[in-house]
Amino acid sequence: MRYRLSLKVGPIGFRIGSAWPGPIAALRGLYAGYPGPDDGIADFTVRLEPERPWRRWLRPSVAIHGDHMLPDAAPLALAHGLLAAEMGMNLQMALGLRRYLLLHASAVERDGRALVMTGESGAGKSTLAALLGERGWRLMGDEFALLDPASGALHPFPRAVSLKNSAIALMAADVPEDRFGPVLEDTPKGRIRHLRPRADAIARMADPATPALILFPRYGHARAIRPIGPAEVFVRLTQASTNYVSLGEAGFRALTGLVAATPACAIDYPDTEAAVSLVETLWANLDS
Amino acid sequence: MTGPVYRADSPALRLTIELEGLTLVYHRPSGTTHVLGPPAPELLAALAEGPADIAEMVRRLQRLHDLDGGGGIEPVIAARLEELEAAGLVHRG
């Protein structure tokens, strides 16, 4: 590929190639300060290529290719090349990861212990993790949490946070402008802007944490804390994992171990500030 | 023995975790995960002694779990065994 970038997010190395300079330049800016893969060897390759050769110049659209492919992944406009790179990285993780049980969850850490948040798209787990990452927690990741089947530890995946629509203005109040990527208008998910995590989250991307609390946040409801039985937590987490089935017995052992050892509940909240306060209350009560 | 005879894979082929009243089972031959509530785990435990028809199952459950031997229990056990059969954890014949 003509334009290339290699980088490491948590324990995973990526090599991203593009037929155009724009997406790589945007990635370089957004991922400034991220290390390269160990020994220069990437785990996954993402290729951003024209859908047809002539489409590189004429109404260019980006098709996402890589080691692992979805046949019906729709091409994106070149202006959304950064989103294409993000989707390509997600796709490689979701389809190809074998070393860790991949949970579609956000995670933050304090004192070596991890808070894991999972839920439907739009539940607010990404925004909540990003905000906690600015309020005294270490952001481990806004999209994926990696559970090590051997140790039960949670490994970070602190990629650039993908902020959508109203979350962009909310985070802009807490975060300096130079940590934001370009505004991507009219994407399939609406307006998107990426946010580089704080420097400490990047510097500590190799440090795992012990899972201490699992939350199922739900945005847009009156403040409430609802208990969830462990069997339901287990089932929800199998649904939140893209590689639970392919890991077989190791995945079963890892997930049952996580659920048996980690308290969990659902939280409803009307706005993100209420969620932060709920999280702090629950966290403070963990040991009491 | 009369009626269908049920059997289950060896318990060694299942990984079982208890979680607050429910039982999570990883079935090694199929790679599938099951969440079981009572009496499914008890039925699998009774079948660990070997194949059995419904009458034998009732006898084993009475011995293992102090089951009330009142009438009408056989259809209930047969229905639960059919569910386990559909899930691939119990086989007939």
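These numbers come from a predicted model, not from an experiment.

A.B. asks: Account for the pairing of strand β14 (residues 210-219) of chain A, naming residues and giving values.
C.D. replies: Residues and elements named next belong to chain A. Counting buried positions along β14 gives seven out of 10 residues, so the element sits mostly inside the fold. Relative to β14, strand β7 (residues 113-118) is paired through five bridges, and the arrangement is parallel. Each bridged residue has a counterpart across the sheet, and for Met117 the counterpart in β14 is Leu215. Sheet analysis places β14 next to strand β16 (residues 264-269), joined by six bridges and oriented parallel. Looking at the pairing, Ile214 lines up with Ala264 of β16.

A.B. asks: Which residues make up the packing of helix α1 (residues 40-47) of chain B against helix α3 (residues 73-86) of chain B, and what are the values?
C.D. replies: Residues and elements named next belong to chain B. Interhelical geometry of α1 versus α3 gives an angle of 85 degrees and a closest axis separation of 10 Å. For the element pair α1 / α3, the angle class is roughly perpendicular. Listed contacts from α3 to Ala40, Leu43, Leu44 and Leu47 of α1 are Ile77, Arg80, Leu81 and Leu84. Partitioned by chemical class, the residues of the contact of α1 with α3 number seven nonpolar, no polar and one charged.

A.B. asks: Could you give an account of the sheet that holds strand β3 (residues 22-27) of chain B, with specific residues and numbers?
C.D. replies: All names here are of chain B. Spatial ordering of the open sheet is given by β2-β3-β4, a layout of three strands whose pairing is antiparallel. A single partner strand is all that each edge strand has here, and the edge strands are β2 (14-19) and β4 (32-36). Pairs of neighbouring strands in the sheet enclose a mean axial angle of 20 degrees, with direction left out of account. As paired elements, β2 and β3 share six bridges and run antiparallel to each other. Paired with Leu15 across the bridge in β3 is Tyr26.

A.B. asks: So what about the pairing of β16 of chain A? Which residues, and what values?
C.D. replies: Residues and elements named next belong to chain A. Of all the six residues making up β16, five are buried; the element is thus mostly covered by neighbouring parts of the structure. Where strand β15 (residues 224-227) lies against β16, four bridges are found, and the strand directions are antiparallel. Counterpart to Arg226 in the pairing with β16 is Ala266.

A.B. asks: Describe the domain arrangement of chain A, and please don't skip the residues or the numbers.
C.D. replies: All names here are of chain A. We note that the domain assignment places domain 1 (3-96) and domain 2 (101-284) within chain A. Distance from the C-alpha centre of domain 1 to the C-alpha centre of domain 2: 23 Å. With 22 residues of domain 1 in contact, the opposing surface of domain 2 contributes 28 residues. Of the roughly 2,000 Å² buried between domain 1 and domain 2, counting both surfaces, carbon and sulfur atoms make up 68%. Broken down residue by residue, the surface that domain 1 buries against domain 2 is led by Leu30, Tyr34 and Met93, which jointly contribute 26%. Our count for the contact surface shared by domain 1 and domain 2 stands at one salt bridge. Across the pair Arg159 and Glu86 runs a salt bridge, and its minimum N-O distance is 3.4 Å. Taken together, the connections running from domain 1 to domain 2 amount to 10 residue pairs in polar contact (both at pLDDT 80 or more).

A.B. asks: Outline the layout of surface pockets, listing residues and values.
C.D. replies: All names here are of chain A. In this structure, the largest pocket occupies an estimated 850 Å³ of space. Lining the largest pocket are 36 residues; nearest its centre among them are Ser121, Gly122, Ser126, Ser162 and Lys164. Going through the elements one at a time, α2 (81-96), α3 (125-132), β11 (161-164), α4 (166-172) and α9 (272-284) are the ones with two or more residues in the lining of the largest pocket. Ranked by residue count, the leading element in the lining of the largest pocket is α2, at five residues. Of the residues that constitute the lining of the largest pocket, the class distribution is 16 nonpolar, 11 polar and nine charged. Here the lining of the largest pocket spans two domains, and each of domain 1 (3-96) and domain 2 (101-284) adds at least three residues to it.

How each quantity is defined
- Residues numbered from 1 in each chain as written.
- Chains lettered and ligands numbered in written order.
- Predicted model: local features only at pLDDT ≥ 70, side-chain atom pairs only at ≥ 80, totals over all residues.
- Heavy atoms only, no water.
- Buried < 20%, exposed > 50% of the residue type's maximum accessible area, 1.4 Å probe, protein only.
- Helix = DSSP H or I, 4+ residues; strand = E, 2+ residues; numbered from the N terminus.
- Pairing = 2+ DSSP bridges.
- Axes fitted to C-alpha atoms, helices over the stretch in contact; angles between N-to-C directions.
- Parallel < 35°, antiparallel > 145°, perpendicular 65-115°, else oblique.
- Contact = heavy atoms within 4.5 Å.
- Nonpolar A, V, L, I, M, F, W, Y, C, P; charged D, E, K, R; others polar.
- Domains from an automatic or database assignment.
- Buried area = accessible area lost by both parts, 1.4 Å probe.
- Salt bridge = Lys/Arg side-chain N within 4 Å of Asp/Glu carboxyl O.
- Polar contact = N/O pair within 3.5 Å; in protein donor to acceptor, adjacent residues only side chain to side chain.
- 1 Å grid on protein atoms, 1.4 Å probe; cavity = no way out; pocket = protein on both sides within 12 Å on 5 of 7 lines; lining within 4 Å.
- Points joined across faces, edges and corners; volume = space filled by probe spheres on them.

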